[in-house]
Amino acid sequence: MRKIVASLFISLDGVVQDPAEWHFPYFNDEMGAAVTAQTADTLLLGRKTYDSFAGAWPEREAEGGEDAGYAKTLGDARKVVVSRQPLEFTWRNSELLQGDLVEAVTALKKEPGGRIAMSGSVSVIRQLLAVGLLDELHLLVHPIAVRKGERLFDEGETSVPLELISSETFTTGVLYLVYKPAEVSGGASYEDAKAHLPQNEQ
């Protein structure tokens, strides 16, 4: 079954909204390599993220600048868009995800092909995490507290346990953290935690 891998720029206080307003000072070759490595033959995008991408990348590809190659890669990829309303697509290889989100994404994962990549699309990421359909969450954690804007995790009744797969520190101070969903841990208590403290700190 295909994997769904989501990548996000995120601030130290969890903000993922409008990263263009705060993340560019931290963009270097290390981050560029990390972003480029997440390209895939299929993109799963929310409508707002799709509109943002479609409003920028086709033009960059046509201009033939230094990021034209990456823009072409995005253009050539299959783009599956999550939206409750019909859309008119102008960017090539774009289509609407049909039907119920969980059923349609489950079917998409069963299709032949490689990894399915996500970028932005926070509400979709939350929904897929909640039902166990997101396989990996790649977070580029920037050393800045933005202090306003939408955060990755909103208020809710249930926790979202994750397991750290890998971590890397860039020279800019950005942390590249890769997580996968984890089982909910058992009912550990303070007394259980105390057992792991050095004897002279208990």
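Read on for an overview of the structure. (Residues numbered from 1 in each chain as written. Predicted model: local features only at pLDDT ≥ 70, side-chain atom pairs only at ≥ 80, totals over all residues. Heavy atoms only, no water.)

The helix and strand tally for the chain stands at seven helices and eight strands. Counting only C-alpha atoms and orienting by the principal axes, one finds that the chain spans roughly 65 × 40 × 30 Å. In the chain, which comprises 202 residues, the proportion classed as buried is 37%. Counting only contacts in the chain whose residues sit at least 6 apart along the sequence, the fraction spanning at least 24 positions is 69%. (Helix = DSSP H or I, 4+ residues; strand = E, 2+ residues; numbered from the N terminus. Buried < 20%, exposed > 50% of the residue type's maximum accessible area, 1.4 Å probe, protein only. Contact = heavy atoms within 4.5 Å.)

Our focus in this paragraph is the sheet that holds strand β4 (residues 94-96). In space, the eight strands of this open sheet follow the order β4-β3-β2-β5-β1-β6-β8-β7, with mixed pairing throughout. A single partner strand is all that each edge strand has here, and the edge strands are β4 and β7 (162-169). Averaged over all pairs of adjacent strands, the angle between their axes in this sheet comes to 25 degrees, without regard to strand direction. As paired elements, strand β3 (residues 78-82) and β4 share three bridges and run parallel to each other. Pairing of Lys 79 across the sheet is with Ser 94, part of β4. Docked against the sheet, helix α2 (residues 47-54) engages β2 (42-46), β3, β4 and β5 (116-119), running at close to 115 degrees with respect to β2. Contacts from helix α6 (residues 122-130) reach β1 (4-11), β2, β3, β5, β6 (136-142), β7 and β8 (175-181) within the one sheet, and its direction differs from that of β1 by about 125 degrees. (Pairing = 2+ DSSP bridges. Axes fitted to C-alpha atoms, helices over the stretch in contact; angles between N-to-C directions.)

The subject of this paragraph is the side chain of Glu 136. Here Glu 136 lies in strand β6. Reaching out from Glu 136, the side chain makes a polar contact with the side chain of Lys 3 at a distance of 3.5 Å. One polar contact links Glu 136 to His 138, side chain to side chain, over a distance of 2.8 Å. Those residues in contact with Glu 136, other than ones at most four positions away along the chain, are Lys 3, Ile 4, Val 5, Ala 6, Ile 165, Val 178 and Tyr 179. (Polar contact = N/O pair within 3.5 Å; in protein donor to acceptor, adjacent residues only side chain to side chain.)

Quick look at the layout of surface pockets now. By volume, the second largest pocket is sized at about 360 Å³. Every residue lining the second largest pocket is counted, 17 residues in all, and those nearest its centre are Leu 129, Ala 130, Thr 158, Ser 159 and Val 160. With three residues, the single largest contributor to the lining of the second largest pocket is α6. Classifying every residue of the lining of the second largest pocket gives ten nonpolar, four polar and three charged. (1 Å grid on protein atoms, 1.4 Å probe; cavity = no way out; pocket = protein on both sides within 12 Å on 5 of 7 lines; lining within 4 Å. Points joined across faces, edges and corners; volume = space filled by probe spheres on them. Nonpolar A, V, L, I, M, F, W, Y, C, P; charged D, E, K, R; others polar.)

By the definition in use, this model includes four aromatic pairs. Centroid distance Tyr 50 to Phe 89: 5.4 Å. Interplanar angle 85 degrees. Geometry classified as edge-to-face. Of the two residues, Tyr 50 is situated in helix α2 and Phe 89 in the loop between β3 and β4; the sequence distance between them amounts to 39 residues. Accessibility expressed as a relative area gives 4% for Tyr 50, which makes it buried. Chaining the aromatic ring pairs together yields one cluster made of Tyr 50, Phe 89 and Trp 91. The ring of Trp 57 has Arg 60 lying over it, and the distance from NZ or CZ to the ring centre is 4.5 Å. Lys 79 extends its terminal NZ or CZ atom over the ring of Trp 91, reaching a point 4.5 Å from the ring centre. (Phe/Tyr/Trp six-rings, centres within 6.5 Å; stacked < 30°, edge-to-face > 60°. Lys NZ or Arg CZ within 6 Å of the ring centre and 35° of its normal.)

Time to look at the environment of Phe 89. Judged by relative accessible area, which is 27%, Phe 89 ranks as partly exposed. Taking C-alpha positions, Phe 89 is 39 Å from Glu 183, a pair spaced 94 residues apart along the chain. Dropping the residues within four chain positions of it, Phe 89 is found in contact with Tyr 50, Val 81, Ser 94, Glu 95 and Leu 96.

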